[in-house]
Amino acid sequence: MEGRAHKTLVVETGILCNNRCVFCYQHGYRRIAGADMLVPRETIQERMEWGIANGFDELSLTGGEPTIRKDFIDILAAARRMGYQRVAVTTNGSRLADVDFFRQAVSAGLDGMGVSIHGGTSPVHEAVTGRAGSFPAAIKAIRNGVRAAMALGEKRFRLNTFTVLHSGIVDDLASFTSMLAAIGVRLMILQPPIAGKSNVTPVEWVGLDRTLDAVRGAAIAAASGGYRLKPFNIPPCLLADVADGLDLTMYGRLQYRESDREDPSGHIMGQEVGFVRFPACARCRKAAFCSGISVALLPDSDLLQAFRSIDVQDDSPIWLAGTELLSTDGIRQILCRLSTRHVILCTGGTHRAGTGLFHALQSGEAGGLHRLGLIYQARDPGSSDRIICDAGNGDWLLETVRSAEACGYRGGITISGSAEPGFATFLMKARAILKGGGPGDDVHVFVAGPGSAPGGSWQALEQIAEIVGSWDAADRFVLLTGGHDTDWKPGFLSVDGRNRTPMFQKIESIDVPSTAFDGRILSLLNWSVPAGTDRSREVPADFLVESLDVRPF
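These numbers were taken from a predicted model, which means no experiment stands behind them.

(A) View of helix H7 (residues 173–183). Residues Leu173, Phe176, Thr177, Leu180, Ala181 and Ile183 constitute the buried set of H7. The arc that holds the buried residues of H7, viewed along the axis, is 155°, so those residues lie on one side. If you follow the buried residues of H7, they end up packed against helix H6 (134–152), strand S5 (158–164), strand S6 (187–191), helix H8 (208–225) and strand S7 (228–231). Positive backbone phi, approximately 130°, marks Gly184, located one or two places after H7.

What follows is the structure in structure tokens.
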């Protein structure tokens, strides 16, 4: 541990929350039918006991919103009895704004809190949180924390605020942090949005340069104002010139996320999934604790380097995967470069460009050979991705289909999935949406064999064949192999016991270009890869850094 002797265990108490922040990566978890909104008390107890047994002496409770649990006070008291020296909570302040409840929590053992506040006025903050009254509640909770720290001493009660750097606040960040300092806050945590499947489309992402300029300006104000800013998920080397206004204490911690089954994950030490490092990171003394930089912060110019190696000589179609973090203009640049090729632009239903996907595909300079590729991922209980594990992405894709209709998209659609019942259900729903014409006039369906997904079967394949056979617009039906099915059946299929009809074109593989998001740093971007494909290509080692000035400590 660098600079401190404590070990902090972070325990998520559930995903239930009374705010609906636009940038929250847990939206997708909450929409899973039958999902547990709160972690059982017994599970929390076991995780806290594990922490004590493994040398953790500080506990941090996160959510969702931990304080809306009926047993919140009891959890605090239990943590103290176990021997945790400090117990803190990350909160939106909705309940801790109440003085009586706040006192109960402190009496039970709460001695630290981080209050989420994302704007200096009600309109700015509540446009983000989606709940009227959330701004005054956050301010009241902060004031309660300030009074507690003054009465008990900062060593007994620690207060900080937590702010996501969204587009509505970055240009006024210095005055915002100065306002919090005037209330009495002395430590403010700043973090870009955490990118995930659930929020990559609705969030208006702030570029890296704009983020760094905002933090630098606020850090200068902090240095003169006697308070400190702590940047999370921003490498400290990018802010070394304003270190006087920053708290750059790095520390290790383990996190029990709500979706974990047995062991703690989210190790805030070393490289994280969804983050990338620079060559200079190998020489940095903070490398053991710094995750690098989130791919969501990288500019298009850096992300596009991952696609420069695409072979433009071959005439085979390209399934363009891994573009979820590109803007509309970035996608248009790739399509223009590949204007003479047949490109299938893959999406799993979430994409930063949003409806810009359809506009990019239909732009004149991008050529007219390109199609939208909808990549269906079935529910897979063995997946480490909780959304795929518990739900799959069918609902996201149906929203994409509806958006294509609403935006007047008239290009072709290619749908890829596996021979399992969920894909059959999805195709039926998609056909109902597209029956009015438009993109529904030109549909190709690719299906991986029964061995490619849990629950796959030849019976499901026959059902899919019937759906596609009755869909007039679906004029091409391809069965992917790619090594998943050792008992490959020839390209004939018996439907309802009738004549064996040549339904499929058999192909062994499809050309999916390598992206920067394969392998180790693949995170929210792992569901736009067609089923049955071989992803054995190497990841480009130097796809970024040109636009960044890295100064390792």
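That was the structure; now back to the text.
(B) Geometry of the packing of aromatic side chains. Per the stated rule, a full pass over the model turns up 8 aromatic pairs. When the ring of Phe358 is compared with that of Tyr409, the centres are 5.7 Å apart and the planes differ by 40°; the resulting orientation is tilted. Residue Phe358 is located in helix H11 (residues 356–362), and its partner Tyr409 is located in the loop between helix H13 (394–406) and strand S14 (413–418); the two are separated by 51 residues in the primary sequence. An identical accessibility class is assigned to Phe358 and Tyr409; each is buried. Every member of this aromatic cluster is reached through a ring pair, and the members are Tyr376, Phe423 and Phe426. Across the ring face of Trp396, the terminal group of Arg31 is positioned such that the distance to the ring centre comes to 3.9 Å.

(C) Highlighting helix H4 (residues 99–108). When H4 is considered as a whole, its buried residues turn out to be Phe101, Phe102, Ala105, Val106 and Ala108. Take H4 and look down its axis: the buried residues cluster within an arc of 165°, on one side only. Exposed residues on H4 whose side chains face more than 90 degrees from its buried face are Asp100, Arg103 and Ser107. Positive backbone phi, approximately 135°, marks Gly109, located one or two places after H4.

(D) Region of interest: the state of the cysteines. The full count for this structure, using the stated rule, is 0 disulfides. Between Cys24, a cysteine without a disulfide, and Cys21, which holds the nearest cysteine sulfur, the sulfur-to-sulfur distance is 6.5 Å. Judged by its relative accessible area of 15%, Cys24 is buried.

(E) Molecular detail of the side chain of Glu420. Along the chain, the position of Glu420 falls in the loop between S14 and helix H14 (421–434). Although buried, Glu420 forms no salt bridge, and the nearest oppositely charged side chain, Arg379, lies 8.9 Å from it.

Definitions and limits used
- Residues numbered from 1 in each chain as written.
- Predicted model: local features only at pLDDT ≥ 70, side-chain atom pairs only at ≥ 80, totals over all residues.
- Heavy atoms only, no water.
- Buried < 20%, exposed > 50% of the residue type's maximum accessible area, 1.4 Å probe, protein only.
- Helix = DSSP H or I, 4+ residues; strand = E, 2+ residues; numbered from the N terminus.
- Arc of directions from axis to C-beta.
- Contact = heavy atoms within 4.5 Å.
- Phe/Tyr/Trp six-rings, centres within 6.5 Å; stacked < 30°, edge-to-face > 60°.
- Lys NZ or Arg CZ within 6 Å of the ring centre and 35° of its normal.
- Disulfide = S-S within 2.5 Å.
- Lys, Arg positive; Asp, Glu negative; His and termini not counted.
- Salt bridge = Lys/Arg side-chain N within 4 Å of Asp/Glu carboxyl O.

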